[in-house]
Amino acid sequence: MATPLAAVLIALLLLAASVAVAFQLERVGQLEKARQSAVQAQILASGIAAPLAFDDDVALQEYLNALRADPQIIAAAALRPDGSLVTGFARPPARLPSRIAMGEPRIVGNALIVTAPVAQGSTRLGSVYLQSTVDSWSRRVTRYLGLAVIVVLASLLIVVLAASYASLRKAHQELQNEITSRMRAQEALRQSQKMEAMGQLTGGVAHDFNNLLMVASGGLDLMERTNDPVKLEKLKAGIRQAVDRGSKLTKQLLAFARRSPLKPEVIDLRQRVSGMDALLERSLGESIRVAMHLPSDLWLVEVDASELEVAILNIALNARDAMAKGGVIVIEGANAPGQGERGDCVHLALTDQGSGIPADDVAKIFEPFYTTKGVGQGTGLGLSQVYGFVRASGGDVRVDSIEGKGTTITLMLPRSTKNAAQHIEDAEAKVAPGKHRILLVEDDDTVAHTVGGMLEELGYETERAENGDAALRRLDRERDFSLVLSDMIMPGDVSGIDLVRRVGHNWPALPTMLMTGYSAAAASAAKEGIRLLPKPFSIQDLSVQILAALDQKGHRPPTPE
């Protein structure tokens, strides 16, 4: 309500200001009219000096009649020195008086009266008299009425806009309230969906994890009851396979959620995919044949190579399941200029000859835990991993399917202009030459004992710190380590990533490496170039990563003082 009232006050002030301006304009106009009439009287006085001196009434009348052409002059006269009338004219209803005295310009009614002396040198011959009209009342009323109309309309416009603003403000407030209500409803819906997803997670993943735990716990029990080397090797292989499957399942979950820190590298897609032929043959079986059409001029891409291989394998396994009687899976690559979200991209398409996907299900296949397979045959996370990996790599996925004829899944990966990285296969577990001590920072006693045992098996000397604060205190006393190997999440004020940053600042020559099972900070650590060792890892993985970390810093064993 305050805004319309303010608008009314502004409109009233505008009207008052316009009235004041109108009066000022009226006054200025009258002064300008008086000045013009005075000049006109002076000109007339100069012209009639000679006729008035010689009593030439005819010439006088001619001078005065010339003023009749000006419609604003309603009376003009030539006067003797005593003010008596010599000759002149007057338009009705004006009248010429018989005697006129000299004086200052004055307004009488709607007429402006001006007098001027007629002189010859120092001799006064008489005077002239002019009576002209100021603007008529009708013209003045019309002019100021137009001004008033403009001002009134402007005032009304201000009032209307103010009222509209008040109405819009009210509508905006109602809209904000509606948006807030919808956001609350959406938050409640998201919470409900989270609970539903939790239920799906429990039902979809618990079965597989229980199977893996069964293999591990049963295998350990059986290992305690046998001394047969052959059986022990089989049991160890089974336990390792269960651990690997559990690790893969966790990576699929994190990849879909885009929480798993990817390790992108520039790769030759043709070379990398072609090198998967043996893996695909073993995984797909004898009834499935793989045909690859990968041009030699395929552009480079920057992706996590292992996640790419997992994505291709997941698509191929789904294609195999869709072809119950066997068939051919075609893997094709093509450059696609300007077709990606960031410009140029490379298309990698996998086409099967299977049963196809119903149109209603195409939009669901990348949803986590969605599967058409029977219980125990799949978790519904394979294609979710594909979607999570491609989106996290800056690309997209397209699905084209005809029910009964087959499906094509196309990975659209952004082109990279960097040079391809050299791919080095993991070798046997090795240790760096020379004497090396490693500071192991781990708060979990069981994990610390296991990793410490791996390091000792590899030939490294190990000292443990229970958290980041203890590690910094140890390094402040004496920096006699070749590497700091730290967990990502630990109690205390200094996390793993904080520890690495502090070490890099205070001791830049000391290599560091983080171990992580899962952390939201792992992605940012990867962007900073911090070396990450994902849990669970094998002794071979640990060996290779330590060698790479030491080699990266050009580290050498500390020289005894």
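Residues numbered from 1 in each chain as written. Predicted model: local features only at pLDDT ≥ 70, side-chain atom pairs only at ≥ 80, totals over all residues. Heavy atoms only, no water.

## Topic: the sheet that holds strand E15 (residues 483-487)
Note the threshold: For two strands to count as paired, DSSP must find a minimum of two bridges between them. Secondary structure elements follow DSSP: runs of H or I no shorter than four residues count as helices, runs of E no shorter than two count as strands, and numbering proceeds from the N terminus. Axes, fitted as lines to C-alpha atoms, cover a helix only where it is in contact. Angles between the N-to-C directions of the axes lie from 0 to 180 degrees. Working rule for contacts: check all heavy atoms of both residues, and any pair within 4.5 Å makes them a contact.
Taken in spatial order, the five strands of this open sheet run E14-E13-E15-E16-E17, and their pairing is parallel. Lying at the two open borders of the sheet, with one neighbouring strand each, are strand E14 (461-465) and strand E17 (532-534). Pairs of neighbouring strands in the sheet enclose a mean axial angle of 25 degrees, with direction left out of account. Of the pairings in the sheet, the one linking strand E13 (residues 437-441) to E15 comprises four bridges and is parallel in character. Each bridged residue has a counterpart across the sheet, and for Leu-439 the counterpart in E15 is Val-484. With respect to the sheet, helix H12 (residues 468-477) is in contact with E13, E14 and E15, its orientation differing from that of E13 by roughly 150 degrees.

## Some thoughts on the packing of aromatic side chains
Definition in use: Ring pairs are drawn from Phe, Tyr and Trp, using the six-membered ring of Trp, whenever the two centres fall within 6.5 Å, and their geometry is named by plane angle: stacked under 30 degrees, edge-to-face over 60, tilted for the rest. As a reminder, the over-ring test applies to NZ of lysine and CZ of arginine, requiring each to be within 6 Å of the ring centre and within 35 degrees of the ring normal.
Counted by the stated rule, this structure contains zero aromatic pairs. Residue placement shows Arg-415 over the ring face of Trp-299; its charged tip is 4.0 Å from the ring centre.

## Description of the confidence of the model for the protein chain
Which entries qualify depends on this criterion: Values of pLDDT, which run from 0 to 100, indicate the predictor's confidence residue by residue.
Across the protein chain, the average pLDDT comes to 78, with 78% of residues at or above 70. Between residues 422-428, whose pLDDT stays under 50, and residues either more than four places distant or in other chains, the model counts six contacts.

## Some words on the side chain of Glu-442
This is how it is decided: Identification of polar contacts relies on pairs of N or O atoms within 3.5 Å, with a donor-acceptor requirement for protein atoms, meaning one able to donate a hydrogen and the other able to accept it, and with residues adjacent in sequence counted only if both atoms are side-chain atoms.
Tracing the sequence through the fold places Glu-442 in the loop between E13 and helix H11 (445-457). Looking at Glu-442, its side chain comes within polar contact range of the main-chain nitrogen of Asp-444, at 3.0 Å. With near-sequence residues (within four places) excluded, Glu-442 lies in contact with Val-447, Ala-448, Arg-464, Ala-465, Glu-466, Asp-487, Met-515 and Lys-535.

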